[in-house]
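# What the coordinates show
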Amino acid sequence: MDFMFSADIRSYKTMRNDELRDAFVTAPLFESGKINLTYTDVDRAVIGGITPAAEPILLPTHKELAADYFCQRREVGIINIGGEGVITVDGTDYPMNNRDSLYIAKESQDVVFASKDAANPAKFYLASYPAHRVTKTVHVPKSKAKCIELGSQETSNERTIFQSIRPGIVDSCQLVMGITELKKGSVWNTKPPHTHFRRTEVYMYFDLPKDEKIFHLMGEPTEVRTLPIESEVAIASPSWSIHSGVGTSNYTFIWAMGGENQEFDDMDHIEVSALR
């Protein structure tokens, strides 16, 4: 498990891009036959990519979690962005098609990831936060997620949001999670940008052509920094930072939030004209 120690609201202003990447951006998440986990001190989130090939992969614990097993004091959200797979939680199998989600409850002991076809493996994206109570493991196919259409072609931010791990669908402790798909011809996400001081957010960009980039905006509205991001890495956003971005092509991203509340409309919008 890698570790990211984030910069604070003062120090990020003088950091180089490579230093900002070390503090907020993971290494590439998906490698065939491997599990890659990153622990960030941004709300103690764990971010990961699991790509089973011929053999299943067990979700391990780590000394730094001070736990007998990974979910002893944690909840986990999983979204599959690859081929068909299966996640087995304490002996129960959950088939995972592309864009399906699985919420894994606190105190789930044995979590195993497998691909149906090693030649077209599942790619399980993982986001985890500390949990304070035991709930219920829930499978959410993409068709059962709450679907919201936002933006427009004229403002280059026409997008579809799929809220899969959220109140009314999943009873989680603090995790909310879902997918945003940008339509062809649209490149802006989260426009206008915003902050939500009561929670943090992690973005994982994917479905971006190999030679294209996302220019992720972070920092205070009056001290914005821009990080060029490739596909299939994640970036953590502290509560004091905006999170928005523009790509050189349309793309998809997974967002995951943890914090004091789960209200989607609890955000402080910032006009684009006010960014500095």
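Residues numbered from 1 in each chain as written. Predicted model: local features only at pLDDT ≥ 70, side-chain atom pairs only at ≥ 80, totals over all residues. Heavy atoms only, no water.

All right, on to helix H1 (residues 17–24) then. When we look at burial in H1, the residues that qualify are Leu 20, Ala 23 and Phe 24. Along H1, the residues classed as buried sweep out an arc of 75 degrees about the axis, all on the same side. Buried residues belonging to H1 abut strand S1 (2–4), strand S18 (214–220), strand S19 (223–229) and strand S20 (233–237). (Buried < 20%, exposed > 50% of the residue type's maximum accessible area, 1.4 Å probe, protein only. Helix = DSSP H or I, 4+ residues; strand = E, 2+ residues; numbered from the N terminus. Arc of directions from axis to C-beta. Contact = heavy atoms within 4.5 Å.)

This part takes up the state of the cysteines. Following the criterion strictly, the structure yields zero disulfides and no others. Free cysteine Cys 71: the closest other cysteine sulfur is in Cys 173, separated by 11 Å. In this structure Cys 71 comes out as buried when scored by relative accessible area, which is 1%. A relative accessible area of 12% means that Cys 173 is categorised as buried. (Disulfide = S-S within 2.5 Å.)

Those residues carrying the UniProt feature "binding site: Zn(2+)" (unreviewed entry) are His 194, His 196, Glu 201 and His 243 in this numbering. The greatest C-alpha distance among the residues just named is 11.3 Å, despite their covering 50 residues of sequence, which places them together in space. With respect to the element layout, Glu 201 can be found in strand S17 (residues 199–206). On the accessibility criterion, Glu 201 (5% relative accessible area) is buried. The contacts of Glu 201, once residues within four sequence positions are left out, are His 194, His 196, Ile 235, Ala 236, Ser 237, His 243, Trp 255, Ala 256 and Met 257. Its location among the elements puts His 243 in strand S21 (residues 242–247). The buried category is assigned to His 243, whose relative accessible area is 1%. In this view, His 243 contacts Thr 190, His 194, His 196, Glu 201, Tyr 203, His 216, Leu 217 and Ser 237; residues no more than four positions away in its chain are not counted. (UniProt positions renumbered as here; feature names shortened; annotations may be inferred.)

Before going further, it helps to examine the side chain of Ser 237. Locating Ser 237 in the fold gives a position in strand S20. What Ser 237 contacts, discounting residues up to four positions off in sequence, is Val 42, Thr 200, Glu 201, His 216, Ile 242 and His 243.

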